[in-house]
Amino acid sequence: MKIDREAPIGVFDSGVGGLTVAREIMRNLPSEKIVYFGDTARVPYGSKSKETIIRYSRQIIRFLQQQQVKAIVVACNTASAFALDAVRDEFDIPIIGVIEPGAKVAAQTRNKRVGIIGTVGTVGSGIHAEYLKHLDPEITVFGKACPLFVPLVEEGWLHDPVTDEIASRYLSILKERYIDTLVLGCTHYPLLRSTMRRLMGEDVTLV
């Protein structure tokens, strides 16, 4: 396909979390225009089936194509895990996921012990572990689903005692595994970065 270099980049996510990805795109490619689609009507994606996520992704990609985008970033980790391969085969447009780039950074772990947090769907897919093991078979991966983080972020409860308590409970099991790297495997989670940094400590690298 012929790409119009002046066309915008399409970015989609299950809600507001993907704005963290859009922000990084704007920071690194300041001359690019972005069309953002946040599927807040159907958030969260993490508890839905693979077939449902693929159907949603197809619908959103068709919409973004109508906006004349030149490429699409699947900012949602769950959609990247469940739908990326399927939609790449179906659509004649560059489609980029978020899981593989994060795995490449996490593979630089010092003690070969990496934690993954994400939705039930993303963690259950095992896709982060698959990428990491491919990059370095000696890495041990510990996954923890954190399903309450997405609704807390969507509610705007970023600095709230309830959020602190839930995060403490979720992350305690990973602290016990002595990980030195924690992958925030959902685009909503960087909005809780300060809380996670405080709970995990300065010695743990957040990806």
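In this report, the structure presented in the accompanying data block is examined.

What counts and how
- Residues numbered from 1 in each chain as written.
- Predicted model: local features only at pLDDT ≥ 70, side-chain atom pairs only at ≥ 80, totals over all residues.
- Heavy atoms only, no water.
- Helix = DSSP H or I, 4+ residues; strand = E, 2+ residues; numbered from the N terminus.
- Rg over C-alpha atoms; globule rule 2.2 N^0.38 Å.
- Buried < 20%, exposed > 50% of the residue type's maximum accessible area, 1.4 Å probe, protein only.
- Contact = heavy atoms within 4.5 Å.
- Lys, Arg positive; Asp, Glu negative; His and termini not counted.
- Charge placed at Lys NZ, Arg CZ, Asp CG, Glu CD.
- Pairing = 2+ DSSP bridges.
- Expected span 1.5 Å × (residues − 1).
- Core = buried A, V, L, I, M, F, W, Y, C linked by side-chain atoms within 4.5 Å.
- Salt bridge = Lys/Arg side-chain N within 4 Å of Asp/Glu carboxyl O.

Now for the overall build of the protein chain. The secondary structure content of the protein chain amounts to nine helices and eight strands. Relative to its length of 207 residues, the protein chain is compact, with a C-alpha radius of gyration of 17 Å against a globular reference of 17 Å. Over its C-alpha atoms, taken along the principal directions, the protein chain stretches across nearly 50 × 40 × 35 Å. Within the protein chain, buried positions represent 47% of all 207 residues. Within the protein chain, residue pairs in contact and separated by at least 24 positions form 73% of the contacts whose partners lie at least 6 positions apart. Here the protein chain holds 25 positive side-chain charges and 24 negative ones, and the gap between their average locations is 1 Å.

Quick look at the sheet that holds strand β8 (residues 205-206) now. Read across the open sheet, the four strands follow the order β6-β5-β7-β8; overall the sheet is parallel. The outermost strands of the open sheet, each flanked by one partner alone, are β6 (140-145) and β8.

This part takes up the environment of V98. With respect to the helices and strands, the residue V98 is situated in the loop between β4 (95-96) and α4 (99-106). What V98 contacts, discounting residues up to four positions off in sequence, is V21, V73, V74, A75, C76, N77 and S80.

The next subject is unusual backbone geometry. Between V43 and the following residue, P44, the backbone shows a cis peptide bond with an omega angle of 5°. Looking at the element boundaries, P44 is found in the loop between β2 (34-38) and α2 (50-66). Its identity as a non-glycine residue notwithstanding, K112 has a phi of 65°, on the positive side. Among the structural elements, K112 can be located in the loop between α4 and β5 (113-118). Look at K112 and you get partly exposed, because its relative accessible area is 28%.

Let us now look at the side chain of N77. Residue placement: N77 occurs in helix α3 (residues 77-90). Those residues within four positions of N77 in sequence are excluded, and the remaining contacts are V98, I99, T122, H128, G185, C186 and T187.

Compared with an ideal rise of 1.5 Å per residue, which puts 14 residues at 20 Å, α3 spans 19 Å between its outermost C-alpha atoms and is within 8% of the ideal. Listing the buried residues of α3 in full gives N77, T78, A79, S80, A81, F82, A83, L84 and V87.

Next up on the list: the nonpolar core. Formed by 23 residues in total, the largest nonpolar core has its most connected members in F12, I61, I72 and I95. At the level of secondary structure, the elements contributing two or more residues to this core comprise α2, β3 (71-74) and α3. Each residue touching I72, except ones within four places of it in the same chain, is listed here: G10, F12, I61, L64, I93, P94, I95 and I96. Within the second largest apolar cluster, 22 residues are counted, among which are A167, I179, L182 and M196.

A few words on the side chain of S14. Assignment of secondary structure puts S14 in the loop between β1 (9-13) and α1 (19-28). The exposure class of S14 is buried, given its relative accessible area of 5%. Once residues within four sequence positions are removed from consideration, S14 is found in contact with G38, D39, T40, V43, Y45, C76 and H188.

Right, let's talk about the pattern of salt bridges for a bit. Applying the stated rule across the entire model yields nine salt bridges. Here E24 ties to R23 by a salt bridge, and the two come within 3.9 Å at their closest N and O atoms. Residue E24 is classed as partly exposed on the basis of its relative accessible area, which comes to 31%. D136 is the salt-bridge partner of K112, the closest N and O atoms lying 2.5 Å from each other. Within this pair, whereas K112 is found in the loop between α4 and β5, its partner D136 is found in the loop between α6 (127-135) and β6, the two being separated by 24 residues in sequence. A network of salt bridges, in which partner residues are shared, links R23, E24 and R27.

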